[in-house]
Amino acid sequence: MSLSSSSCSRSSIVARLRASGCVYAEEEAQLLLAAAGGPEELASMVARRADGLPLEPILGWAEFHGLRITVEPEVFVPRRRTEFLVDQAAALADGERPVVVDLCCGAGAVGAALAAALDRIELYATDLHPTAVRCARRNIAHHGRVYEGDLYEPLPTALRGHVDVLAVNAPYVPSESLGTMPPEARVHEPRLALDGGADGLDTQRRVAAEAPLWLAPGGHLLIETGEPQAQRTADVLERNGLVPRVTGSEDLEATVVIGTLRREAREP
């Protein structure tokens, strides 16, 4: 009898996961059973999950926008709410082959989803975390280039003034709120992927300050943010010469602020 067909094994796994506090124990048990290559691997996977390790790095992937995104331990796991950022960016990616940058890319989920959603894009991505960059290179392998470094610093300078869509899921959790986050994030994801500083906007300010140098006339900067912070994020974009608007999804509990560079911004 295979592992996946053993009702006893499945029921015992569900019981252990439920006892450890997993809300979706039945679904998680099924995923672990399907992923395990044998009894020993399954036992190890269940033990790690029961100890609080997030499910996604145990499986080696996270579901995002219809894709399986490769993730590893200590890498930010893409959230479903960020699918709204992808949808907004895809709607604004005009032209035959728009230039798209996934800044603070993490595992490259946004870039990979945009590449899958659009026929042709010229895709670039950057992140500061080496493990995230390794994952992103696997997820974006055939669609674009991934650079390791701080924000715009590693991007080719030839991109300046030519980026049509700049999609950013930068950290925006206020430092004092990190302690209230679920342990899956607080304990197992890198702080630099979560901590947005005192008001959550530190990295957003840095992104916005240089965005006009990289955007093409009429290009768009899209930043995921928290709903309570949205107006302040919009103000940051406006102070840096972009025309902001706030959009959101109640279903996904997602908020994205879009800043557009006026087409006349570089006209003589």
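Each value, and the rule that gives it
- In this convention, every chain numbers its residues from 1, walking through the sequence in written order.
- For this predicted model, a pLDDT threshold of at least 70 governs which residues receive local features, and a threshold of 80 or more governs which side-chain atom pairs are given and counted, while totals over whole chains, interfaces and linings are taken from all residues.
- Note that the side-chain values use all heavy atoms of the structure and ignore hydrogens as well as water.
- Segments assigned H or I by DSSP are reported as helices when at least four residues long, segments assigned E as strands when at least two residues long, and all are numbered from the N terminus.
- Using C-alpha atoms as the atom set, the radius of gyration is obtained and then compared with a globule rule of 2.2 Å times the number of residues to the power 0.38.
- Per-residue accessibility, obtained with a 1.4 Å probe over protein chains only, is compared with the maximum for each type, and a residue is labelled buried under 20%, exposed over 50%, and partly exposed between these values.
- In this analysis, two residues are considered to be in contact whenever any of their non-hydrogen atoms come within 4.5 Å of each other.
- Using a 1.4 Å probe, the Shrake-Rupley method yields the accessible areas, and only the shown protein chains count as cover for residues.
- The charged-residue count follows a simple rule in which Lys and Arg add positive charge and Asp and Glu add negative charge, with His and chain termini not counted at all.
- Think of each charge as sitting on NZ of Lys, CZ of Arg, CG of Asp or CD of Glu.
- Whenever Lys or Arg places a side-chain nitrogen within 4 Å of a carboxyl oxygen from Asp or Glu, that contact is recorded as a salt bridge.
- Working definition of a nonpolar core: buried Ala, Val, Leu, Ile, Met, Phe, Trp, Tyr and Cys residues. They are joined through side-chain atoms within 4.5 Å.
- By the convention used here, strands pair only if DSSP detects at least 2 bridges between them.
- The directions considered for the arc are those from the helix axis to the C-beta atoms.

### With respect to the overall build of the protein
Piece 1. For the protein, the count of helices and strands is 10 helices and nine strands.
Piece 2. Here the protein has a C-alpha radius of gyration of 20 Å; the compact-globule value for 268 residues is 18 Å, and the two agree.
Piece 3. Along the first, second and third principal axes, the C-alpha atoms of the protein reach 75 × 40 × 30 Å.
Piece 4. Within the protein, the proportion of its 268 residues that are buried is 54%.
Piece 5. In the protein, 61% of the contacts between residues at least 6 apart in sequence involve partners at least 24 apart.
Piece 6. Carbon and sulfur atoms make up 48% of the accessible area of the protein, which amounts to about 13000 Å² in all.
Piece 7. Charged side chains in the protein number 26 positive and 38 negative. The centres of these two groups are separated by 2 Å.

### Quick notes on the pattern of salt bridges
Piece 1. Summed over the entire model, instances satisfying the criterion amount to 11 salt bridges.
Piece 2. A salt bridge links arginine 191 to aspartate 195, with the shortest nitrogen-to-oxygen separation between them at 3.0 Å.
Piece 3. Residue classification places arginine 191 among the exposed residues on the basis of a relative accessible area of 53%.

### A look at the nonpolar core
Piece 1. Formed by 38 residues in total, the largest nonpolar core has its most connected members in Leu114, Ile121, Val146 and Leu222.
Piece 2. For this core, the elements supplying multiple residues, two or more each, are β1 (61–64), α5 (83–92), α6 (109–117), β4 (122–127), α7 (130–139), β6 (163–168) and β9 (254–261).
Piece 3. Counting residues per element, this core draws most heavily on α6, which supplies six residues.
Piece 4. Here leucine 114 is in contact with Val86, Ala89, Ala90, Val100 and Ile121, once residues within four sequence places are set aside.
Piece 5. Of all hydrophobic cores here, the second largest spans 29 residues; its members include Val101, Tyr147, Ile223 and Ala234.

### Examining the pairing of β9
Piece 1. By the criterion of burial, β9 is predominantly enclosed, with seven of the eight residues buried.
Piece 2. Alignment of strand β7 (residues 215–225) against β9, held across six bridges, turns out to be antiparallel. Looking across to β9, one finds that histidine 220 is bridged to threonine 260.
Piece 3. As paired elements, strand β8 (residues 242–249) and β9 share eight bridges and run antiparallel to each other. For proline 244, the partnering residue across the bridge sits in β9 and is glycine 259.

### Thoughts on helix α2 (residues 25–35)
Piece 1. By the burial criterion, the buried members of α2 are Ala25, Glu28, Ala29, Leu32 and Leu33. Seen end-on, α2 carries its buried residues on one side only, within an arc spanning 135°.

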